[in-house]
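# Notes for the structure review
Chain residues, written in single-letter form:
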Amino acid sequence: GAGVSQSPSNKVTEKGKDVELRCDPISGHTALYWYRQSLGQGLEFLIYFQGNSAPDKSGLPSDRFSAERTGGSVSTLTIQRTQQEDSAVYLCASSLVEGGVTEAFFGQGTRLTVV
Amino acid sequence: QKEVEQDPGPLSVPEGAIVSLNCTYSNSAFQYFMWYRQYSRKGPELLMYTYSSGNKEDGRFTAQVDKSSKYISLFIRDSQPSDSATYLCAMSEGNTPLVFGKGTRLSVIA
């Protein structure tokens, strides 16, 4: 596809369960970002992958959150032992040029609801 | 003080009006500036991208960056009801994650 693809689009999970969210970036994009958007709030930075560099994990809210990017392409965000406050829209973005231009394109997001 | 400040609105204007949306920031190292439009229950859509200071125009949209004042603006001319959305500013030093404002909700009334 031409854009950033995220799956699933919606996820309802029980408190305490683990969830995995997937992001397929635009082909050839070297940088990948995860953000979280809670109701009525702005975008909260979670993690940033840039080429082969170590990811910037400074935005992850707790050790229940982790992310990986395999082969420089697909990324998975994992939330362990989900809590109700984890309910939000999780957005993934990718950008073309590492170390300079950061014109980032977003996917449609995964709406996570923890019940 | 947050790194990026943006008035959340809501801002309501009549169709055809000129809309001015603004962000201020504190980090003088920011060099890349973007405006995104987000419709309800959709991902943010990139509208304008500017490097360093200056103006950029694309159709009805004009982006301005004033690095000396740490102030960026997005102008929408001849606003349309379809422009009703939340507008988010974002900026980066270049090799760093994008930092976003909280977004301004705009309603254009027919």
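Look above for the structure.
Residues numbered from 1 in each chain as written. Chains lettered and ligands numbered in written order. Predicted model: local features only at pLDDT ≥ 70, side-chain atom pairs only at ≥ 80, totals over all residues. Heavy atoms only, no water.

### Details of the overall build of chain B
Defined as follows: Numbering of helices and strands runs from the N terminus; a helix is a DSSP stretch of H or I covering at least four residues, while a strand is a stretch of E covering at least two. Atoms counted for the radius of gyration: C-alpha only. Globule rule: 2.2 Å times the number of residues to the power 0.38. Each residue's exposure class comes from its accessible area (1.4 Å probe, protein chains only) as a fraction of the maximum for that residue type: buried when under 20%, exposed when over 50%, partly exposed otherwise. Residues are treated as being in contact if the distance between any of their heavy atoms lies within 4.5 Å.
Summing up its helical and strand segments, chain B has zero helices and 11 strands in all. The order of α-helices and β-strands along chain B, N terminus first, is β-β-β-β-β-β-β-β-β-β-β. By the compact-globule yardstick of 13 Å for 110 residues, chain B fits well, its C-alpha radius of gyration being 13 Å. Its C-alpha atoms put chain B at 40 × 25 × 20 Å along the principal axes. In chain B, which comprises 110 residues, the share counted as buried stands at 45%. Within chain B, contacts between residues at least 6 apart in sequence are counted, and of these 53% link residues at least 24 apart.

### Points about the sheet that holds strand E7 (residues 75-79) of chain A
Residue and element names in this part refer to chain A. The line we're drawing: Any two strands with at least two DSSP bridges between them are considered paired. For helices, the fitted axis covers only the stretch in contact; all axes are lines through C-alpha atoms, and the angles between them, taken along N-to-C directions, range from 0 to 180 degrees.
The four strands lie next to each other as E1-E3-E7-E6, forming an open sheet whose pairing is antiparallel. Two strands in the sheet have a free side with no partner beyond their single neighbour: strand E1 (5-7) and strand E6 (65-69). Neighbour to neighbour, the strand axes of the sheet diverge by 15° on average, direction disregarded. Of the strand pairs in this sheet, E6 and E7 are connected by five bridges, and their pairing is antiparallel. Paired with Arg69 across the bridge in E7 is Ser75.

### Here's the deal with the state of the cysteines
Residues and elements named next belong to chain A. Which entries qualify depends on this criterion: The disulfide criterion is simple: two cysteine sulfur atoms within 2.5 Å.
Within the structure shown, the criterion is met by two disulfides over all chains. Residue Cys23 pairs covalently with Cys92 via a disulfide, S to S 1.9 Å. Its S-S torsion of approximately -65° makes the covalent link between Cys23 and Cys92 left-handed. With Cys23 in strand E3 (residues 19-24) and Cys92 in strand E8 (residues 88-95), this residue pair connects regions lying 69 residues apart in the sequence. Each member of the pair Cys23 and Cys92 is classed as buried.

### Regarding the sheet that holds strand E1 (residues 4-5) of chain B
Pairing between the strands of a sheet is mediated by backbone hydrogen bonds and can be parallel or antiparallel. Residue and element names in this part refer to chain B. Taken in spatial order, the five strands make up an open sheet running E1-E3-E8-E7-E6, and their pairing is antiparallel. Each edge of the open sheet carries a strand with a single partner, namely E1 and strand E6 (54-58). Judged from the six bridges that link them, strand E7 (residues 61-66) and strand E8 (residues 71-76) form a sheet pairing that is antiparallel. Residue pairing across strands places Thr62 opposite Phe75, the latter belonging to E8.

### With respect to unusual backbone geometry
A cis amide bond, omega -10°, links A:Ser7 with the succeeding residue A:Pro8. Summarising the element assignment, A:Pro8 is placed in the loop between E1 and strand E2 (10-13). With an omega of 5°, the peptide bond running from B:Gly9 to B:Pro10 counts as cis. Within the fold, B:Pro10 resides in the loop between E1 and strand E2 (11-14). Its identity is not glycine, yet B:Ser52 carries a phi of approximately 60°, on the positive side. One can find B:Ser52 in the loop between strand E5 (45-51) and E6. One non-glycine residue, B:Asp78, lies in positive phi territory at about 45°. A relative accessible area of 43% means that B:Asp78 is categorised as partly exposed.

### Observations regarding the environment of B:Ser26
With respect to the element layout, B:Ser26 can be found in the loop between strand E3 (19-25) and strand E4 (32-38). Taking the C-alpha atoms as reference points, B:Ser26 and B:Tyr71, separated by 45 residues in sequence, lie 9.3 Å from one another.

### Description of the environment of A:Gln37
Note the cut-off: Polar contact is the term for a pair of N or O atoms within 3.5 Å; when the atoms are in protein, one must be able to donate a hydrogen and the other to accept it, and sequence-neighboring residues count only if both atoms are side-chain atoms.
For A:Gln37, the position within the fold is in strand E4 (residues 31-37). We classify A:Gln37 as buried; its relative accessible area is 13%. In the structure, A:Gln37 is positioned 52 residues away from A:Val89 in sequence and 5.1 Å away in space, judged by C-alpha atoms. Discounting chain neighbours no more than four positions away, the residues touching A:Gln37 are A:Gly42, A:Leu43, A:Ala88, A:Val89, A:Leu91 and B:Gln38. Polar side-chain contacts of A:Gln37 include one of 2.9 Å to the side chain of B:Gln38.

### Some thoughts on the interface of chain A and chain B
It is common to give the size of an interface as the accessible area that goes away when the parts come together. Convention followed: Buried surface area refers to the total accessible area, computed with a probe of radius 1.4 Å, that the two partners give up upon joining, counted for both partners together. Whenever a carboxyl oxygen of Asp or Glu lies within 4 Å of a side-chain nitrogen of Lys or Arg, that contact is scored as a salt bridge. Note that Gly is not counted as nonpolar here; it falls among the polar residues with everything else outside the nonpolar set of Ala, Val, Leu, Ile, Met, Phe, Trp, Tyr, Cys and Pro and the charged set of Asp, Glu, Lys and Arg.
Taken together, the contact between chain A and chain B spans 22 residues of the former and 20 residues of the latter. In total, about 1,700 Å² of surface goes out of reach between chain A and chain B, with carbon and sulfur atoms giving 54% of it. Across the chain A-chain B interface, the total number found is zero salt bridges. Broken down by element, the residue count for the side of chain A that touches chain B peaks at four residues, all from strand E5 (residues 43-50) of chain A. Classifying every residue of the side of chain A that touches chain B by side-chain character gives 10 nonpolar, nine polar and three charged.

Any link to function would need more than the numbers given here.
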